[in-house]
Amino acid sequence: MTGSGKSTVARAVSSHLSIPIISSGDVARDMANTDSSTAMALDNGMMAPEAAMRLRIKTLTEQAAITNGGYVLEGFPRTIAQLITLLSWTSNAPMPEFYLLDVPILECVKRLNSRNRSDDNPDSIAKKIESYERTTLPMIELLGSHIIRLRHGEQFVERVLGK
């Protein structure tokens, strides 16, 4: 969920493992810098164009795997279609590890309201929550036991970093 602390945790894991972060949010915002329709979509709580996101993330993950031997992929996949795409990219590798920061939606809204980003206004936040419930929750259910849930991120240090 947007505002759950994914970026914070991803930075810590990236630092601990000395591998780069590939953030779907950063990729989308980079796309918005050069494409006004993407910028408008993000400001209205919508996602960046799916095909362009997949292509850009695939390119970045391939480069990071070759250059750094791995990466932290933050905020992707968010849908069943993205999950299938990701698994097709990694079909010759071990199953990726999936972590879910299980944070109550009201806490996420509180965090989003304090961020001062143009895409964190009340209307876009409502659309992000609706999108999460409609597209991300079914993907989480599909992953079932293949996902590691971290309540409020509190277990993050011991479960993710092994401390």
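Preceding this paragraph is the structure being described.
In what follows, the accompanying structure is described. (Residues numbered from 1 in each chain as written. Predicted model: local features only at pLDDT ≥ 70, side-chain atom pairs only at ≥ 80, totals over all residues. Heavy atoms only, no water.)

Overview of the pattern of salt bridges
Evaluation of the coordinates by the stated rule reveals nine salt bridges. With its nearest N and O atoms 3.4 Å apart, the salt bridge here joins Asp-102 to Arg-149. Of the two residues, Asp-102 sits in strand β3 (residues 98–102) while Arg-149 sits in strand β4 (residues 147–151), which places them 47 residues apart along the sequence. In this structure, the salt-bridge partner of Asp-120 is Arg-117, at a minimum N-O distance of 3.9 Å. Relative accessible area serves as the criterion here: at 27%, Arg-117 is assigned to the partly exposed category. Ionic contacts of the salt-bridge type, sharing partners, join the residues Arg-115, Arg-117, Asp-120 and Lys-128 into one network. (Salt bridge = Lys/Arg side-chain N within 4 Å of Asp/Glu carboxyl O. Helix = DSSP H or I, 4+ residues; strand = E, 2+ residues; numbered from the N terminus. Buried < 20%, exposed > 50% of the residue type's maximum accessible area, 1.4 Å probe, protein only.)

Describing the environment of Leu-17
Counting through the fold element by element, Leu-17 comes out in helix α1 (residues 6–17). Residues Leu-17 and Ala-39, 22 residues apart in the sequence, show an inter-C-alpha distance of 32 Å.

Everything listed here is a matter of coordinates, which is why it stays silent on function.
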